[in-house]
Amino acid sequence: MKKAILAVSFGTSYPDTLEKTIAATEQALAAAFPDWEVRRAFTSGMIIRKLRQRDGLRIDDVNQAMHRLEEEGFTHVAVQSTHVMHGEEYEKMLAQLEPYRLRMQVRVGMPLLHAESDYAAVADGLLKWLPQPEPDEALVLMGHGTPHFANAAYAQMEHMLQAQCERVLVATVEGYPTLDSVRQQLAKHPAIRKVILAPFMLVAGDHARNDMAGGEGSWKAELEADGYAARCVLQGLGECPAVRALFVEHCRQAVQALPQGGKLWGVGGGPGDSELLTMKAVRVLRQADVVMVPDTNGPEKTALNIARHYLDGQEMILVRTPMVRDRAVVDAAYDAAAGQICALLDQGKQVAFLTLGDPTIYSTYMYIHERVQRQGYAVEIVPGVPSFCAAAARLNTSLCQGSEPLLIIPASHSHEELLDVPGNKVFMKSGKAILELQETLREKGMLDGAAMVENCTMDNERVVPDFSQMQEPSGYFSLVIAKGGSV
Ligand code: CO
């Protein structure tokens, strides 16, 4: 599972307010969700074009950002917009996200003003953060306004603000209420002689600088012409900590609504005895939603036999791991198995992959483990008792003592030069070539004290304490311990 937060804003072409509002909100999201990659997208094509042409700055629109996340293998995306309300820009964003919901897990956080509690939190946070109006002063907030019915949010916002401070008015540049509404309200309170103007928009961009605080025709100029003393706050809502906190909270709801990805456990099943599993291995097997067991097409199905002791109706999947040397065939099988596991993890399932012995010792499981981990999913290995430890235990002998080194040698591969390295040796998976190994050890004078164990701790176990006496070949799970002395 690769997870990202896409922070979607209308955008602004003013770098300073961009930093203080949009980037600051994105940073708050990154701080609150440290395991998540936070990306940026703007909904305003006009602003994206302007930033590219003027500053050479490339900013994705929603479609581009989602496309890139998908290409990079992200599977879970929480989208948090910094829009003030559920209006046109927000709906445009929802429509752009729609096709991606088919291929990725996507959840969308609410805009700033959604629930009643959001209005209360904004009213509270804003009045604490903005300069407090003096007794003969009104605080006038300039919202953007929209022909969308979401515009009614401004009236509700004003209502909530006035519950805390009567001398707060909300109006909009492009919707209702307007500057004329403000004038009518102010006219009803002749004691008010001054106004504070502040944007009720995420950024302090064009509208704040020009329509609100600019020259002729601006709200400041108009109100001054009416005889009010006017001062302006050129700070966007994104600079207010309570506003950023609310976006983080809304994003948290989106994050929590995303299906939790599962986890892959590589469980060491030990040498074959169903009592030689760790307590952790047993717990993980029992708690898993799906247990996967390698299917080597062999008659033994050893891991399967071990698993049967501990399974309780969980789904079990046999994984084909062909025992051939053809890299392409083997890789294709691992890719298929990893893909199957990732799909289960995306559904939030806990997957236990049971492997014989210990997963870190010559186990095909690790090829699958690495593939799944590379995709960004949670993985964990539960160690198991290795077969050579079980064999040494069966033989009542040590593997190494004092200064003796221990060499683990996969006997099915060429290992001539390793025989001359001093130290005790374990030859694993000798199988059909075991009599050749016997001959080689005899030539090297290493046969004395060498022992063989086949199918250690399993029902068909065979122990040959004196390997030199062995006459006939053995099966795949055969292991020879040869003592090679101290260094
Ligand atoms: Co505008």
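Quantities reported herein were computed from a predicted structural model and do not represent experimental measurements.

Peer 1: Can you break down the coordination of the cobalt ion residue by residue, with the values?
Peer 2: Every protein donor of the cobalt ion is listed here as H144 (NE2) and H207 (NE2), and their distances to the metal cover 2.0 to 2.1 Å. Here H144 is found in the loop between β5 (137-143) and α6 (153-164), whereas its partner H207 is found in helix α8 (residues 206-212), with 63 residues between them in sequence. For H207, a relative accessible area of 21% translates into the label partly exposed.

Peer 1: An account of unusual backbone geometry is requested, with residue identities and associated values reported.
Peer 2: Geometrically, the link from Y176 to P177 is a cis peptide bond, its omega value of -5° lying close to zero. Position of P177 relative to the elements: it lies in the loop between β6 (168-172) and α7 (179-187). Unusually for a residue other than glycine, Y362 sits at a positive phi of about 45°. Relative to the helices and strands, Y362 is located in the loop between β12 (351-355) and α14 (365-374).

Peer 1: Outline the sheet that holds strand β4 (residues 105-108), supporting the account with residue identities and numerical values.
Peer 2: Strands pair in a sheet through their backbones, by hydrogen bonds, and they do so in one of two ways: parallel or antiparallel. The strand order β2-β1-β3-β4 describes an open sheet built from 4 strands, whose pairing is parallel. Single-partner strands in this sheet number two, and they are β2 (37-42) and β4. Averaged over all pairs of adjacent strands, the angle between their axes in this sheet comes to 25°, without regard to strand direction. One ladder, built from 6 bridges, connects strand β1 (residues 3-9) with strand β3 (residues 76-81); its direction is parallel.

Peer 1: I'd like a rundown of the packing of aromatic side chains, residues and numbers included.
Peer 2: The final tally for this structure, using the stated rule, is 3 aromatic pairs. With centroids separated by 5.0 Å and ring planes inclined at 5°, the aromatic side chains of Y334 and Y367 adopt a geometry described as stacked. Separated by 33 residues along the polypeptide, Y334 in helix α13 (residues 327-346) and Y367 in helix α14 bring together distant segments of the chain. Sitting above the plane of the Y228 ring, R193 keeps its charged end 5.0 Å from the centroid.

Peer 1: An account of the packing of helix α5 (residues 116-129) against helix α10 (residues 241-257) is needed here, citing residue identities and associated values.
Peer 2: Contact geometry of α5 with α10 gives a least axis separation of 8 Å together with a crossing angle of 155°. Between α5 and α10, the interaxial angle falls into the category roughly antiparallel. The segment α5 lies against α10, with D118, A121, V122, G125 and W129 engaging P241, A242, L246 and H250. Grouping the amino acids of the contact of α5 with α10 by side-chain chemistry returns 6 nonpolar, 2 polar and 1 charged.

Peer 1: Account for the environment of T397, with residues named and values stated.
Peer 2: Along the chain, T397 falls in the loop between α15 (387-394) and β14 (406-410). T397 gets classed as partly exposed once you look at its relative accessible area, which sits at 32%. When the C-alpha atoms of T397 and A451 are compared, they prove to be 10.0 Å apart, with 54 residues separating the residues in sequence. Those residues in contact with T397, other than ones at most four positions away along the chain, are A392 and K483.

Peer 1: Now, about the pairing of β5: what can you tell me, with residues and values included?
Peer 2: Of all 7 residues making up β5, 7 are buried, and the element is well covered by its neighbours. Side chains E137, L139, L141 and G143 of β5 all project onto a buried face; the interleaved residues A138, V140 and M142 project onto the opposite face, where all are buried too. Pairing of β5 with strand β7 (residues 194-200) involves 7 bridges; the strand directions are parallel. Across the sheet, residue M142 finds its bridge partner in β7, namely P199. In this sheet, β6 lies alongside β5 in parallel orientation, the contact comprising 5 bridges. By the bridge assignment for β6, L139 is matched with V168.

Parameters and conventions
Residues numbered from 1 in each chain as written. Predicted model: local features only at pLDDT ≥ 70, side-chain atom pairs only at ≥ 80, totals over all residues. Heavy atoms only, no water. Donors = N, O, S within 2.8 Å, 3.2 Å for Na, K, Ca; no water. Helix = DSSP H or I, 4+ residues; strand = E, 2+ residues; numbered from the N terminus. Buried < 20%, exposed > 50% of the residue type's maximum accessible area, 1.4 Å probe, protein only. Pairing = 2+ DSSP bridges. Axes fitted to C-alpha atoms, helices over the stretch in contact; angles between N-to-C directions. Phe/Tyr/Trp six-rings, centres within 6.5 Å; stacked < 30°, edge-to-face > 60°. Lys NZ or Arg CZ within 6 Å of the ring centre and 35° of its normal. Parallel < 35°, antiparallel > 145°, perpendicular 65-115°, else oblique. Contact = heavy atoms within 4.5 Å. Nonpolar A, V, L, I, M, F, W, Y, C, P; charged D, E, K, R; others polar.

Functional significance is not addressed by these values, which are geometric in nature.
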